[in-house]
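For reference, the chains in residue letters:
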Amino acid sequence: MDKNGNKTGGRKKGTPNKVTTKVKDVIEGIVSNYMMESNPKKEGFIADFGRLEPKERVDAIIKLAAFIAPKPQSVAIDATPEAKKTIEDQLAQLSKENDV
């Protein structure tokens, strides 16, 4: 940092971290090989999945589903009379407040 507290040097904004990229690539390769059962002993994901107990398989599917389906989010509903106003009513009220 310079004497004014501004950052100097280092990675520029948007430049990927080389180490993080390499680690991600290695992990992706490991997972890909495991999922595709490309090893000669066929000791990959499908074989391991088949050896699980039924309850364990269901638990695994639930955990894996998080990667392909969004998790539902709870929604808060404001039931006060203010929340029941239409957008036109709210805009009219805001307009009146700005005119004062």
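Residues numbered from 1 in each chain as written. Predicted model: local features only at pLDDT ≥ 70, side-chain atom pairs only at ≥ 80, totals over all residues. Heavy atoms only, no water.

## Section: the overall build of the protein chain
Phase 1: The helix and strand tally for the protein chain stands at 4 helices and 0 strands.
Phase 2: Reading the helices (α) and strands (β) of the protein chain from amino to carboxyl end gives α-α-α-α.
Phase 3: Residues counted as buried form 5% of the 100 residues belonging to the protein chain.
Phase 4: Carbon and sulfur atoms provide 61% of the accessible area of the protein chain, an area that totals close to 9600 Å². (Helix = DSSP H or I, 4+ residues; strand = E, 2+ residues; numbered from the N terminus. Buried < 20%, exposed > 50% of the residue type's maximum accessible area, 1.4 Å probe, protein only. Areas by Shrake-Rupley, 256 points an atom, 1.4 Å probe, with all protein chains shown as cover.)

## Notes on the pattern of salt bridges
Phase 1: In this structure the tally under the stated criterion is 2 salt bridges.
Phase 2: K55 serves as the salt-bridge partner of D59, at 3.1 Å between the closest nitrogen and oxygen. In this pair, D59 and K55 are both assigned in helix α3 (residues 54-65), 4 residues apart and thus about one turn of the helix distant.
Phase 3: Assessed through its relative accessible area of 31%, D59 is described here as partly exposed. (Salt bridge = Lys/Arg side-chain N within 4 Å of Asp/Glu carboxyl O.)

## Things to note about the confidence of the model for the protein chain
Phase 1: Mean pLDDT over the protein chain: 81, with 86% of residues reaching 70 or higher.
Phase 2: The lowest-confidence element of the protein chain is helix α4 (residues 87-99), averaging 83 in pLDDT; the highest-confidence one is α3, averaging 93. (pLDDT = per-residue confidence, 0-100.)

## With respect to a nonpolar patch on the surface
Phase 1: Residues V19, V23, I27, V31, Y34, M35 and M36 make up a contiguous nonpolar surface patch of roughly 650 Å² in combined accessible area.
Phase 2: The residue V31 is located in helix α1 (residues 18-36) in this model. (Patch = residues over 30% accessible without salt bridge, like charges linked within 9 Å, V, L, I, M, F, W, Y side chains within 5 Å.)

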